[in-house]
Amino acid sequence: MKIVFTFLLIFSLSLFGGDFVDNGFEDEFEKELVSKPSATEVFDPLVHYNRFMTDVNDMLMINVVEPVTDGYRYVVPQVARKSIYNLFENLYYPVSVTNNLLQLKFNYSFTETIRFLANSTLGILGLFDVADEWFGIKPHKEDFGQTLGYYGVGSGFPIVMPFFGQYNIRDFFGNITDNYFNPTYHASLKINDAMVSYTVYTIVRGYKEVNEYSLSDTSYEDITKGSFDLYPFIRDAYEQNRNKLIEE
Amino acid sequence: MKIVFSFLFTIFLPIYLNAQSADEKLLFDKMAVISNNFYEILNDDKNNAQMRRDKIIKEVIHLFDFKLMARLSLDKNIRHSISKEQYKEFTDVFEDYIKDFYLDRIDLLKGTSSNVKESTKNNKNRIFVKATVDSDTGSTLIVYKFYKNKENKWFIYDLEIANVSILQSYRAQFSSYLSEHSFDELLIKLKKQA
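What this report covers is the structure whose coordinates are included nearby. Predicted model, so just to flag it, every value in this text is computed and none were measured.

**Describing the overall build of chain B**
- The secondary structure content of chain B amounts to seven helices and five strands.
- Reading chain B from its N end, one meets helices and strands in the order α-α-α-α-α-β-β-β-β-β-α-α.
- Across the 194 residues in chain B, those meeting the buried criterion constitute 49%.
- Look at the contacts in chain B between residues 6 or more apart in sequence, and 53% of them connect residues 24 or more apart.

**Re a nonpolar patch on the surface**
Residues and elements named next belong to chain A.
- Taken together, Leu87, Leu91, Ile124, Leu125, Leu127 and Phe128 make up a surface patch of nonpolar side chains, about 500 Å² in accessible area.
- Mapped onto the elements of the fold, Leu87 is located in helix H4 (residues 78–91).
- Accessibility expressed as a relative area gives 30% for Leu87, which makes it partly exposed.

**Re the nonpolar core**
- Judged by nonpolar contacts, the single largest core of 59 residues is most densely connected at Phe90, Phe94, Tyr144, Phe146, Tyr170, Phe174 and Phe183 of chain B.
- Top contributing element to this core by residue count: helix H5 (residues 84–104) of chain B, with eight residues.
- With residues near it in sequence (within four places) discarded, Phe174 of chain B still touches Phe228 of chain A together with Ser73, Leu74, Phe90, Phe94, Leu186 and Leu190 of chain B.
- Among the nonpolar cores identified, the runner-up in size contains six residues, and Met61, Val65, Tyr220 and Phe233 of chain A belong to it.

**A closer look at the environment of Asp132 of chain A**
Residue and element names in this part refer to chain A.
- Tracing the backbone shows Asp132 in helix H7 (residues 130–133).
- Residue class for Asp132 comes out partly exposed when judged on its relative accessible area of 22%.
- Taking the C-alpha atoms as reference points, Asp132 and Asn119, separated by 13 residues in sequence, lie 9.1 Å from one another.
- The contacts of Asp132, once residues within four sequence positions are left out, are Arg115, Ile137 and Lys138.

**Re the packing of aromatic side chains**
- For the structure shown, the criterion picks out 25 aromatic pairs over all chains.
- On the numbers, 5.6 Å between centres and 75° between planes, the contact of Tyr180 of chain A with Tyr185 of chain A is edge-to-face.
- For Tyr185 of chain A, a relative accessible area of 17% gives the class buried.
- For the ring pair Phe94 of chain B and Tyr97 of chain B, a centre distance of 5.6 Å and an interplane angle of 25° mean the geometry is stacked. You can see Phe94 of chain B and its partner Tyr97 of chain B sitting in helix H5, three residues apart, about one turn around the helix. Per residue, the accessibility class of Phe94 of chain B equals that of Tyr97 of chain B, and both read buried.

**Things to note about the sheet that holds strand S3 (residues 138–148) of chain B**
Residue and element names in this part refer to chain B.
- With respect to topology, five strands assemble into an open sheet ordered S1-S2-S3-S4-S5, the strand pairing being antiparallel. Each having just a single partner strand, strand S1 (113–123) and strand S5 (164–165) make up the two edges of the open sheet.
- Pairing of S1 with strand S2 (residues 126–135), which is carried by nine bridges, proceeds in the antiparallel orientation. Within the sheet, the bridge partner assigned to Lys121 lies in S2 and is Ile127.

**Side note on empty space enclosed by the protein**
Residues and elements named next belong to chain A.
- Under the defined criterion, the tally for this structure stands at one cavity of 30 Å³ or more.
- Approximately 30 Å³ is the volume found for the largest cavity.
- Every residue lining the largest cavity is listed: Tyr85, Phe88, Glu89, Lys208, Asn211 and Glu212.
- Within the residue set of the lining of the largest cavity, elements represented by two or more residues are H4 and helix H11 (194–214).
- Considering only residue class, the lining of the largest cavity consists of two nonpolar, one polar and three charged.

Parameters at a glance
Residues numbered from 1 in each chain as written. Chains lettered and ligands numbered in written order. Predicted model: local features only at pLDDT ≥ 70, side-chain atom pairs only at ≥ 80, totals over all residues. Heavy atoms only, no water. Helix = DSSP H or I, 4+ residues; strand = E, 2+ residues; numbered from the N terminus. Buried < 20%, exposed > 50% of the residue type's maximum accessible area, 1.4 Å probe, protein only. Contact = heavy atoms within 4.5 Å. Patch = residues over 30% accessible without salt bridge, like charges linked within 9 Å, V, L, I, M, F, W, Y side chains within 5 Å. Areas by Shrake-Rupley, 256 points an atom, 1.4 Å probe, with all protein chains shown as cover. Salt bridge = Lys/Arg side-chain N within 4 Å of Asp/Glu carboxyl O. Core = buried A, V, L, I, M, F, W, Y, C linked by side-chain atoms within 4.5 Å. Phe/Tyr/Trp six-rings, centres within 6.5 Å; stacked < 30°, edge-to-face > 60°. Pairing = 2+ DSSP bridges. 1 Å grid on protein atoms, 1.4 Å probe; cavity = no way out; pocket = protein on both sides within 12 Å on 5 of 7 lines; lining within 4 Å. Points joined across faces, edges and corners; volume = space filled by probe spheres on them. Nonpolar A, V, L, I, M, F, W, Y, C, P; charged D, E, K, R; others polar.

In C-alpha cells:
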C-alpha cells in the first residue's frame with residue numbers, strides 16, 4: 001500500500017507540480033534555444049568579406065534603394081505594383097512545382113498547378129491572384145535550396161551577395177539551379193551577347209526585388225534599427241527563416 | 001492492483017488533460033481580448049503617440065517577462081563565464097533596451113489588424129500562441145511564447161516574428177560580438193545603443 005501511495009504522490013507531483021527551481025532556471029530554456037540549427041556557433045570563413053558586403057548593402061539600401069522605392073511608390077499605384085508582383089510569382093511556377101515534386105509534396109504540386117492555370121487564364125496572364133482571392137488556394141513556394149535542405153544538406157557557410165544580400169552556400173547554388181527553371185532567365189538568354197543577357201537578367205531580378213519591397217509595410221531601417229550588431233543579426237534571421245521554411 | 005491503477009488513471013487523466021486544455025484556452029482568449037484592446041488604442045485618433053504608448057504599456061507590458069528575456073539572451077556558456085555583477089548590469093541595461101525596442105515599434109502596426117489563430121502546449125510549462133498581423137499587402141505570423149512561473153502565472157519570454165525568434169537573434173548577435181570583444185565592451189556598446 002505504501003508503494004501505491006508513494007507512486008501516487010510522485011505521479012501527482014509530476015502532473016500538478018510544475019514549480020521551477022530558481023537555481024539554474026534559465027538552463028531549462030537552453031534545450032529549445034540551443035537545439036536550433038542557427039544557434040550561435042557558425043562556421044563563417046568569409047566573415048570579414050561578409051561584414052564588409054553587409055555594410056555596403058546597408059549603405060545601398062538606405063541611400064539608394066529606399067529613396068528609389070519611395071519614388072517608385074509615389075509614381076506607380078499599389079494595385080499596379082501588386083499586379084507586377086503577381087506576374088513574377090506566376091512566372092515562378094516551374095521552379096516551385098519542380099521543387100514541390102522533388103520533395104514529394106504532391107498535394108502542393110497540385111495546388112501550385114491549379115493556381116498557375118487559374119491565375120494565367122482568369123487572372124489575365126498572372127496579373128491577378130484569383131486562385132487565392134476567389135478560391136482561397138494559397139501559394140506553397142519551394143526552391144532548390146529548400147529541396148537540398150529537405151534531403152538533409154546542411155546550409156554550409158554564409159555568403160553575402162552585393163545588393164541581393166544574405167545567402168548560404170547551399171541556397172546560393174540552389175538559386176543558380178532554380179534559374180534554369182525560371183522563364184525570366186530563359187527570356188534573357190535570347191539576347192545574343194552573354195554579358196548583356198546576364199546584365200538584363202540581373203536588372204529584372206533587381207526590379208522584382210524593389211517592387212516586392214515597395215509592397216512591404218516595414219522599411220529596412222525599421223527592421224535593422226533594433227539590431228545590436230548588423231551582420232550577425234541579418235545572418236541569423238536569414239538562417240532561422242530558411243530553417244523554418246525547410247521544416248515546413 | 002490493476003484495478004487501483006485503472007481507477008487512478010481514469011480519475012487523473014481527464015483532470016490532467018482538462019487542466020492542460022484550460023491553460024491553452026485561457027491564453028488564447030486572453031490574447032484575443034488584449035489584441036482587440038491593443039488595436040482599439042492604436043487606431044483611436046484621439047490618442048497622440050505618448051498617450052498610445054502609455055495606454056499600451058498598461059494593456060500589454062505586464063504580459064512580458066523582459067527580465068527573463070534579458071537573461072536568456074545570453075547563452076549558457078557566456079552566462080557562466082561572467083561575474084554576478086556583470087550579469088546584473090547586463091540584464092538591467094538589456095531589459096530597458098528590449099522594452100524600448102518593442103514600444104518604439106508599436107506605431108508601425110497602425111493600419112493593420114491581428115487575428116489570434118491557435119494556441120499549442122509544448123510542455124507543461126510552455127504554451128505558444130500563434131497570431132497573424134494582417135495588412136493590405138499580406139500577413140505576418142507572430143508566435144507569442146509563454147512560460148509558467150512558480151506562481152503559476154504565464155508570461156511571454158520570446159516572440160517569433162516571421163519565423164525569426166527575437167531571443168535567438170540576440171543570442172546570435174551577442175555570441176558573435178563576444179567572439180571578438182570582451183563582455184565589458186559589449187556592455188559599453190549596449191549602453192550606447194540603449
